[in-house]
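# Geometric and topological summary
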Amino acid sequence: NSAIPENYENDNFPPFKVDGSDRVQASLPIAMTRTAFPSSPGALMAGAVEVFNTASWGNNFVSPIGINTGSETLGHESVVTYIMAGQNKTEVKRNGNFIATLDAGESFVVKDTVLGDSFTSNKAIQVDILAGDVSSRYELRWLAQIPREKWGNTYLSPVGESTGPTAYVIYNPNPTLLEVQYDGAGFSCPEPPCKTTVQSKDDLVLVINSDIILSGDYTGIKFTASDDFYVYAEVDADG
């Protein structure tokens, strides 16, 4: 809650300690990103997520990945959910079961998150997911989550590449099968038209070089379906 001088690092001003529960306000719109990495092995384990404004927080989140999400590189061997409250006395439930009461800025960690886990609250929360390969020194991914009601039936991945192939994890939260179509300039699939069927409450992984064949790197892909779903992109999915 302190005003920050324009060039505070060179001024006689106390250093700021960012501990993950800081509240930041501004007189005009700003963009924020949270990033971190351990001292060892360093930036090989770096990650980052968007810091959404509190108006974008929600009361109902569903995990689109979990420890039961398939990965040839064990990229989902550990899936951990981080939940933070913006107001005091925020009650949080996992799959309908109470897990924590949080005050503003407090967080709660849910280890071994399973695909389709739901996290609900009586007051707005923000949710982030970390997924990785246990004991790996470089395979780690951070995901900022959006509330379930903001999921849609159309997604656009602006970039796909084959050198470190991009994988797309498609999650179907619906009670019935869901057909997902994908198209764009500069790629093809082994058996056109390019579409796949995802089981109810399950996910499916499409990988460039096997399920999607690019004619050149850095090609965007559009995913569409008749009902809401979620797509999560993994860059460098082979390691």
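Here, every reference points to the structure presented above.
Reading guide: rules and limits
Residues numbered from 1 in each chain as written. Predicted model: local features only at pLDDT ≥ 70, side-chain atom pairs only at ≥ 80, totals over all residues. Heavy atoms only, no water. Helix = DSSP H or I, 4+ residues; strand = E, 2+ residues; numbered from the N terminus. Buried < 20%, exposed > 50% of the residue type's maximum accessible area, 1.4 Å probe, protein only. Contact = heavy atoms within 4.5 Å. Areas by Shrake-Rupley, 256 points an atom, 1.4 Å probe, with all protein chains shown as cover. Phe/Tyr/Trp six-rings, centres within 6.5 Å; stacked < 30°, edge-to-face > 60°. Salt bridge = Lys/Arg side-chain N within 4 Å of Asp/Glu carboxyl O. 1 Å grid on protein atoms, 1.4 Å probe; cavity = no way out; pocket = protein on both sides within 12 Å on 5 of 7 lines; lining within 4 Å. Points joined across faces, edges and corners; volume = space filled by probe spheres on them. Nonpolar A, V, L, I, M, F, W, Y, C, P; charged D, E, K, R; others polar. Polar contact = N/O pair within 3.5 Å; in protein donor to acceptor, adjacent residues only side chain to side chain. Pairing = 2+ DSSP bridges. Disulfide = S-S within 2.5 Å. Core = buried A, V, L, I, M, F, W, Y, C linked by side-chain atoms within 4.5 Å.

In terms of helices and strands, the chain carries 0 helices and 17 strands. For the chain, with 239 residues in total, the buried portion stands at 38%. Pairs at least 24 residues apart make up 71% of the contacts formed inside the chain by residues separated by at least 6 positions. Element-wise, carbon and sulfur atoms account for 50% of the exposed surface of the chain, whose accessible area totals about 13,500 Å².

Counted under the stated rule, the structure contains 6 aromatic pairs. Taking the centre distance of 6.1 Å and the plane angle of 85° together, the rings of W151 and Y171 count as edge-to-face. Taken together, the residues span a long stretch of sequence, with W151 in the loop between β9 (140–144) and β10 (152–157) and Y171 in strand β11 (residues 167–172) at a distance of 20 residues. A relative accessible area of 4% means that W151 is categorised as buried. Relative accessible area serves as the criterion here: at 2%, Y171 is assigned to the buried category. The interplanar angle of 55° and the centroid separation of 5.1 Å between the aromatic rings of Y168 and F223 together place this pair among those described as tilted. A residue pair is termed long-range when its members are at least 10 positions apart, and Y168 in strand β11 and F223 in strand β17 (residues 221–234) qualify at 55 residues. Each member of the aromatic cluster is reached from another via a ring pair, and the members are W151, Y155, Y171, F229 and Y230.

This next bit is on the pattern of salt bridges. Counted by the stated rule, this structure contains 4 salt bridges. As a salt-bridge pair, R148 and D228 come within 3.7 Å of each other at their nearest N and O atoms. Taken together, the positions of R148 in the loop between β9 and β10 and D228 in strand β17 put the pair 80 residues apart, joining distant regions of the chain. By relative accessible area, which is 18% here, R148 ends up buried.

Before going further, it helps to spend a moment on the layout of surface pockets. Space inside the second largest pocket adds up to approximately 430 Å³. Along its surface, the second largest pocket is lined by 22 residues, and E50, Y230, V231, Y232 and A233 are the ones closest to its centre. Mapped by element, the contributors of at least two residues to the lining of the second largest pocket are β2 (47–50), β9, β10 and β17. If one sorts the elements of the lining of the second largest pocket by residue count, β17 sits on top with 5 residues. Residues that form the lining of the second largest pocket fall into these classes: 18 nonpolar, 3 polar and 1 charged.

Turning our eyes to something else, we now look at the side chain of R141. Looking at where R141 falls in the secondary structure, it is placed in strand β9. A polar side-chain atom of R141 sits 3.2 Å from the main-chain carbonyl oxygen of V235.

Residue alternation in strand β12 (residues 178–183) divides its side chains into a buried set, L178, V180 and Y182, and an unburied set, E179, Q181 and D183. Taken together, the 4 bridges between β12 and strand β14 (residues 195–198) define a ladder with antiparallel strand orientation. Within β14, the residue paired with L178 across the bridge is V198. Pairing geometry for β12 and β17, over 4 bridges, is antiparallel. Its bridge partner being in β17, Y182 is matched across the sheet by F223.

Now for the state of the cysteines. On inspection of all chains with the given rule, the structure shows 1 disulfide. Through a disulfide, C189 is tied to C194; the S-S separation comes to 2.2 Å. The S-S bond linking C189 to C194 shows a torsion near -105°; that makes this disulfide left-handed. Look at C194 and you get buried, because its relative accessible area is 16%.

Attention shifts here to the nonpolar core. Counting residues in hydrophobic clusters, the biggest one holds 31 residues, and the most contacted among them are I65, I170, V180, Y182, I212, F223 and F229. Those elements that provide at least two residues to this core are β8 (118–132), β11, β12 and β17. Per-element accounting of this core gives the leading share, 7 residues, to β17. Those residues in contact with I65, other than ones at most four positions away along the chain, are H76, V79, T113, V114, L115, I129, A131, L143, V169 and Y232. Counting residues in each nonpolar core, the second largest holds 10 residues, with A85, A100, I125 and V127 among its members.

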